[in-house]
Amino acid sequence: MKKLCIYIAMGSLISLASCSKFDEINTNPETPVQVNSSMLATRIILNLANQPTQKSFMQPYLLTKEIAWTELVEGYQYNGFGEGGISMNAINDAHFMGQYAATDVLANSYNGLMYFARAVKFYEATMSVGDVPYKEALKGESDKTYFPKYDTQKEVFLGILNELEKADQLFASGAKFAGDPLYGGDITKWRKLVNSFALNVLIQLSKKEADADLNLKGRFQSILTNKPIFTANADNFQLVRSDKSGQTYPFYKISNSFVIYPVVSTEIIDRLKQYQDRRLFFYANPSALQIANGKQVSDCECR
């Protein structure tokens, strides 16, 4: 009996000794254990700017039949949407940006980014499937709300417009912030983006012009009169692509796994020809036959 007690005591001492170094042994000194506002901002901004899939940037044009896909059956080309889903993983920690900010002024900028990111993600969600959880969404950590109720699409849109208004106000009282790979933290450019996106949302709601709660005309006029919006291509919210891994264009030919490329229809080509629109030369290649018959590469008719 005494021997058993000794063994147990010795085992306990060994266990305590090993536990004291557990964190040290299992901590990678080259891996960050804490994040800051700028690190979160970079991830969120890149998520907003990147296309979710290689072909997703073409889907609206397949839906409106402006381009056709000839390799395999493409759902959007035949109005076959299948099942839809929503994910808010990209912004479930966005509220930490303001909490981790070094100053109140910087917190305004990061919270402005949070409200804008929320508006974009909820806009995408409600445009995809209609009614979605909104008021109780993303509150699993703070309020232990694990099963948020659904809100009507009107309620979601009202929330989106209000969050865009908050985002503009916060950016207006903020300061240049770190972690922005697109605008370099320039709050004026962010205000232009927020307000221009708000105009886009209002345009999508144009058939609800008579709805007093939405107040589309009043909101539209207020933005145009009192707030900065896009005025040139330099204001665009876009990633500058490169040939580096992870930074290539979504349909970059080297990494493209599709063997047959999309065909542009007359729905868009004829309109571009009609107005001698130079974008034609970016949408489509010239016909090899037309070139062989004497047409110039710069001639609209050889497209």
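Being a predicted model, the structure only gives us computed values, none of them experimental.

1. Description of the overall build of the protein
Within the protein one finds 12 helices and four strands. Taking all 303 residues of the protein together, 32% fall into the buried category.

2. Concerning the packing of aromatic side chains
Throughout the structure, instances matching the rule amount to 14 aromatic pairs. When the centroid spacing of 5.2 Å and the interplanar angle of 90° are considered together, the rings of Y76 and F81 count as edge-to-face. Residue Y76 is classed as partly exposed on the basis of its relative accessible area of 28%. With relative accessibility at 48%, the residue F81 sits in the partly exposed group. Here Y123 and F157 contribute two aromatic rings whose centre-to-centre distance is 6.2 Å and whose plane-to-plane angle is 75°, an arrangement assigned as edge-to-face.

3. Section: the packing of helix α7 (residues 153–172) against helix α8 (residues 187–204)
Where α7 contacts α8, the axes come no closer than 9 Å and their chain directions differ by 160°. The angle between α7 and α8 falls in the class roughly antiparallel. The hand of the α7/α8 crossing is left-handed. Touching F157, I160, L161, L164, A167, D168, F171 and A172 of α7 are I187, W190, R191, V194, N195, F197, A198, V201 and L202, all from α8. Residues of the contact of α7 with α8, tallied by class, amount to 14 nonpolar, one polar and two charged.

4. Focus on the layout of surface pockets
One number sums up the size of the second largest pocket: a volume of about 360 Å³. As for the second largest pocket, its lining consists of 16 residues, of which H95, R118, A137, L138 and K139 are closest to the centre. Looking at the lining of the second largest pocket, the elements with two or more residues in it are α6 (104–129) and α7. Ranked by the residues each element gives to the lining of the second largest pocket, the list is headed by α6, at three residues. Partitioning the lining of the second largest pocket into residue classes produces seven nonpolar, three polar and six charged.

5. Observations regarding helix α3 (residues 37–49)
With 13 residues, α3 should cover 18 Å at 1.5 Å per step; its first-to-last C-alpha distance of 18 Å lies within 8% of that length. If you check which residues of α3 are buried, you get S37, L40, A41, I44, I45, L48 and A49. Looking straight down α3, one finds that the buried residues subtend no more than 155° of arc, so they occupy a single side. Against the buried residues of α3 lie α5 (96–100), α6 and α8.

6. Examining a nonpolar patch on the surface
Taken together, the side chains of V35, M39 and Y100 present a nonpolar region at the surface, about 260 Å² in accessible area. What makes M39 partly exposed here is its relative accessible area of 38%.

7. Observations regarding the side chain of D93
Counting through the fold element by element, D93 comes out in the loop between β1 (67–68) and α5. Engagement of the side chain of D93 in a polar contact is seen with the side chain of R43, the distance being 2.6 Å. Beyond its immediate sequence surroundings of up to four residues, D93 is in contact with L40 and R43.

Rules used in this analysis
Residues numbered from 1 in each chain as written. Predicted model: local features only at pLDDT ≥ 70, side-chain atom pairs only at ≥ 80, totals over all residues. Heavy atoms only, no water. Helix = DSSP H or I, 4+ residues; strand = E, 2+ residues; numbered from the N terminus. Buried < 20%, exposed > 50% of the residue type's maximum accessible area, 1.4 Å probe, protein only. Phe/Tyr/Trp six-rings, centres within 6.5 Å; stacked < 30°, edge-to-face > 60°. Axes fitted to C-alpha atoms, helices over the stretch in contact; angles between N-to-C directions. Parallel < 35°, antiparallel > 145°, perpendicular 65-115°, else oblique. Left-handed = near helix turned anticlockwise from the far one by under 90°. Contact = heavy atoms within 4.5 Å. Nonpolar A, V, L, I, M, F, W, Y, C, P; charged D, E, K, R; others polar. 1 Å grid on protein atoms, 1.4 Å probe; cavity = no way out; pocket = protein on both sides within 12 Å on 5 of 7 lines; lining within 4 Å. Points joined across faces, edges and corners; volume = space filled by probe spheres on them. Expected span 1.5 Å × (residues − 1). Arc of directions from axis to C-beta. Patch = residues over 30% accessible without salt bridge, like charges linked within 9 Å, V, L, I, M, F, W, Y side chains within 5 Å. Areas by Shrake-Rupley, 256 points an atom, 1.4 Å probe, with all protein chains shown as cover. Salt bridge = Lys/Arg side-chain N within 4 Å of Asp/Glu carboxyl O. Polar contact = N/O pair within 3.5 Å; in protein donor to acceptor, adjacent residues only side chain to side chain.

Distances and angles like these do not, on their own, reveal function.
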